[in-house]
Amino acid sequence: MKSEKTINGMILKILSGDRRMAARLITLVEDEAEENHEAMKQIYPYTGKAAIIGITGSAGSGKSCLIDHLIRKFRQQGKTVGVVVVDPSSPFSGGAFLGDRIRLQSHSSDDGVYIRSMASRGYLGGLARATHDVIRIIEAMGRDIVIVETLGAGQDEIDVIHIAQTCVLVTTPGMGDEIQALKAGLMEIADIIVLNKADLDGANTCIKNLQASLSVTSFKEGEWVPQVILTVAVASKPEDIQGIDELVAGILKHQEYLHTSSAIERVRFERVEQELGLIFKDELQKIIFKGLKGTGKKKKYIKSILEGKGDPYSVVEEILSSCLITGGEKRNGKTG
Amino acid sequence: MDKERKIKILITKVGLDGHDRGAKVVSSLFKEAGMEVIYLGMYQTPEAIIKAAVDEDVDVIGVSYLSGEHLIFTPKIVEEMKKNNLDDVLLIAGGTFPVEDIPVMKEMGIDEVFGAGSLTEPIIQYIHEHVREKR
């Protein structure tokens, strides 16, 4: 799997829609394998065309069940769909229980749907570190729409805004009053706010709170004003399921707004900006820790901080200034 | 920065068997052992299981049997695996079945069988030892 030739073959297969190869490359990217940089370099030109929809909200709000409906609707429109679902990793064992796929089973015989579960692997922000690359790989498979589900997000897991073009925030009755809806963070990033489980008590109050908070938010002329949509994603009788068509219409309307107002350019710019920042940070850290490896310096630095002889800021400045001078040689053309 | 490849394991049940406690218990154990568990739950078809295994690029498929369907579904799962060239994926089974069926299941293509009363350590150790040899 190491040579450039095998990577070439792999990429060609992915471009033809081969899910096995795409799945394999996603694993390599998740594991930060040596060959992932080369593979991503080759994949990149074939990406950037899909509509990317982010679904976020707290645990148990119904994100996966709504996605199940969305997939069905998009498939009925003849669009191919890729889905990335993120669940948290254990901070203790590093393991994970990925249980989103269980809600997405009605598409298990449809080749037009590719679903991938990801563990967050300690990455903060509601996604996994590799999510950017994984979406690029799914785009390269030729999928028209990519849906990204964050892990159960609270108030500040807002990284999805850097990837998704349309952000859907799912909330449920009883999640707090108007003050909660006015807070910064997650509430602000939504292009569409879905009040799911709208058949539960308190839905009316909740919708009033959401609308009240939107009414005191200022929007510039021509700017997108978040829509509030009521849904019932799960019901014992199919006719009691509500709001799915409205949600699909809302998403399509927002996509149309992005393209007609050219706001899509800004969204795409921010996506690449975030990608660049992440790769820079990772690579820089790798180079620096590689330079320190085996020298015993890292331990010495930590000890000096503990003994009160230094502080982390001075240490980082010192290491950075020495590393950046010799960094070019240390790197020596090798990645990883 | 990642040192070791994470082991990914798909845990599932097949057919109309509605007893998922065992599957949930082992899923928890695997999570605690540092593995990433993709939990598919009950009422799966062999086709759906293998499609999920392909999409998720798992190292191991773990099937939990409890209602006497193990000899019916095992060959179907193995056949689907062959069809999709999943020859580098470990197939293990757990649950309750007659002891004399274990060699039959292995003959059909299951790599290892862990019946009721199996200790957790040997299961985890088995996976660690055999996962890399296959891949």
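Residues numbered from 1 in each chain as written. Chains lettered and ligands numbered in written order. Predicted model: local features only at pLDDT ≥ 70, side-chain atom pairs only at ≥ 80, totals over all residues. Heavy atoms only, no water.

1. Some thoughts on the overall build of chain B
A count of helices and strands for chain B gives five helices and five strands. With the C-alpha coordinates of chain B rotated into their principal frame, the extents come out at 45 × 35 × 25 Å. For chain B, with 135 residues in total, the buried portion stands at 53%. If you take every contact in chain B between residues at least 6 apart in sequence, the share linking residues at least 24 apart comes to 71%. (Helix = DSSP H or I, 4+ residues; strand = E, 2+ residues; numbered from the N terminus. Buried < 20%, exposed > 50% of the residue type's maximum accessible area, 1.4 Å probe, protein only. Contact = heavy atoms within 4.5 Å.)

2. Topic: the pairing of strand S8 (residues 227-230) of chain A
Residue and element names in this part refer to chain A. Summarising the sheet, strand S7 (residues 192-195) and S8 pair through four bridges and their orientation is parallel. Bridge assignment links leucine 195 to a residue of S8, and that residue is leucine 230. With respect to chirality, the unit in which S7 leads through helix H7 (residues 203-215) into the neighbouring parallel S8 is right-handed. (Pairing = 2+ DSSP bridges. Right-handed = clockwise from strand over helix to strand, strands pointing away.)

3. Things to note about the interface of chain A and chain B
If you look at the interface, chain A gives 34 residues, while chain B gives 30 residues. For the pair chain A and chain B, the summed buried area comes to about 2,700 Å², and 47% of that belongs to carbon and sulfur atoms. Ranking the residues of chain A by area buried against chain B places Arg20(A), Phe97(A) and Arg101(A) at the top, with a combined share of 23%. For the pair chain A and chain B, the number of links is ten salt bridges. For the salt bridge of Asp88(B) with Arg24(A), the shortest nitrogen-to-oxygen distance reads 3.2 Å. For the pair chain A and chain B, the number of links is 25 residue pairs in polar contact (both at pLDDT 80 or more). (Buried area = accessible area lost by both parts, 1.4 Å probe. Salt bridge = Lys/Arg side-chain N within 4 Å of Asp/Glu carboxyl O. Polar contact = N/O pair within 3.5 Å; in protein donor to acceptor, adjacent residues only side chain to side chain.)

4. With respect to H7(A)
Residues and elements named next belong to chain A. Relative to the 18 Å expected for 13 residues at 1.5 Å per residue, H7 spans 18 Å between its end C-alpha atoms, a close match to the ideal helical length. For H7, the full list of buried residues reads Ala203, Cys206, Ile207, Asn209, Leu210, Ser213 and Leu214. Down the axis of H7, the buried side of the element spans an arc of 160 degrees, and every buried residue falls inside it. Opposite the packed face of H7, turned more than 90 degrees from it, sit the exposed residues Asn204, Lys208 and Ser215. At its buried positions, H7 is contacted by strand S6 (166-171), helix H6 (178-182), S7 and S8. (Expected span 1.5 Å × (residues − 1). Arc of directions from axis to C-beta.)

5. Some words on helix H3 (residues 36-43) of chain A
For H3(A), the full list of buried residues reads Asn36(A), Ala39(A), Met40(A), Gln42(A) and Ile43(A). Buried residues in H3(A), looked at end-on, bunch into an arc of 160 degrees, giving them a common side.

6. A word on the confidence of the model for chain B
Per-residue confidence for chain B gives a mean pLDDT of 92; residues scoring 70 or more make up 94%. Here the prediction assigns the complex a pTM of 0.89, and the interface score ipTM is 0.91. (pLDDT = per-residue confidence, 0-100.)

7. Some remarks on the packing of aromatic side chains
Scanning the model with the defined rule gives three aromatic pairs over all chains in all. In this arrangement the basic side chain of Lys298(A) is found over the ring face of Phe289(A), its NZ or CZ atom lying 4.4 Å from the centre. (Phe/Tyr/Trp six-rings, centres within 6.5 Å; stacked < 30°, edge-to-face > 60°. Lys NZ or Arg CZ within 6 Å of the ring centre and 35° of its normal.)

8. A short note on the environment of Ile55(A)
Residues and elements named next belong to chain A. Position of isoleucine 55 relative to the elements: it lies in strand S1 (residues 51-57). For isoleucine 55 and valine 134, which are 79 residues apart along the polypeptide, the C-alpha to C-alpha distance reads 16 Å. The residues touching isoleucine 55, leaving out its near neighbours within four places in the chain, are Lys63, Ile67, Leu70, Ile147, Val148, Glu149, Thr150, Val168 and Val170.

9. What about unusual backbone geometry?
All names here are of chain A. We note that glutamate 32 has phi near 50 degrees; this positive angle belongs to a residue other than glycine. Secondary-structure assignment places glutamate 32 in the loop between helix H2 (19-30) and H3. For glutamate 32, a relative accessible area of 29% translates into the label partly exposed. Although it is not a glycine, serine 262 sits at a positive phi angle of roughly 60 degrees. Residue position: serine 262 is located in the loop between helix H8 (244-260) and helix H9 (263-292). Owing to a relative accessible area of 42%, serine 262 belongs among the partly exposed residues under this scheme.

10. Brief notes about the pairing of S1(A)
Residue and element names in this part refer to chain A. Burial analysis of S1 places seven of its seven residues in the buried class, which makes it a mostly covered element. Here S1 shows a buried face lined by Ala51, Ile53, Ile55 and Gly57 and a second buried face lined by Ile52, Gly54 and Thr56. Examined bridge by bridge, S1 and strand S5 (residues 145-149) share five bridges and lie parallel to one another. The residue of S5 that forms the bridge with isoleucine 55 is glutamate 149.

11. Some words on the sheet that holds S7(A)
All names here are of chain A. Read from one edge to the other, the open sheet built from seven strands follows the order S4-S2-S5-S1-S6-S7-S8, with strand pairing classed as parallel. In the strand order of this sheet, the two ends are held by strand S4 (113-119) and S8, each with one partner. Direction aside, neighbouring strands of the sheet carry axes that sit 20 degrees apart on average. Its contacts with the sheet place helix H4 (residues 63-76) against S1, strand S2 (81-87), S4, S5, S6 and S7, and it is angled at close to 175 degrees to S5. (Axes fitted to C-alpha atoms, helices over the stretch in contact; angles between N-to-C directions.)

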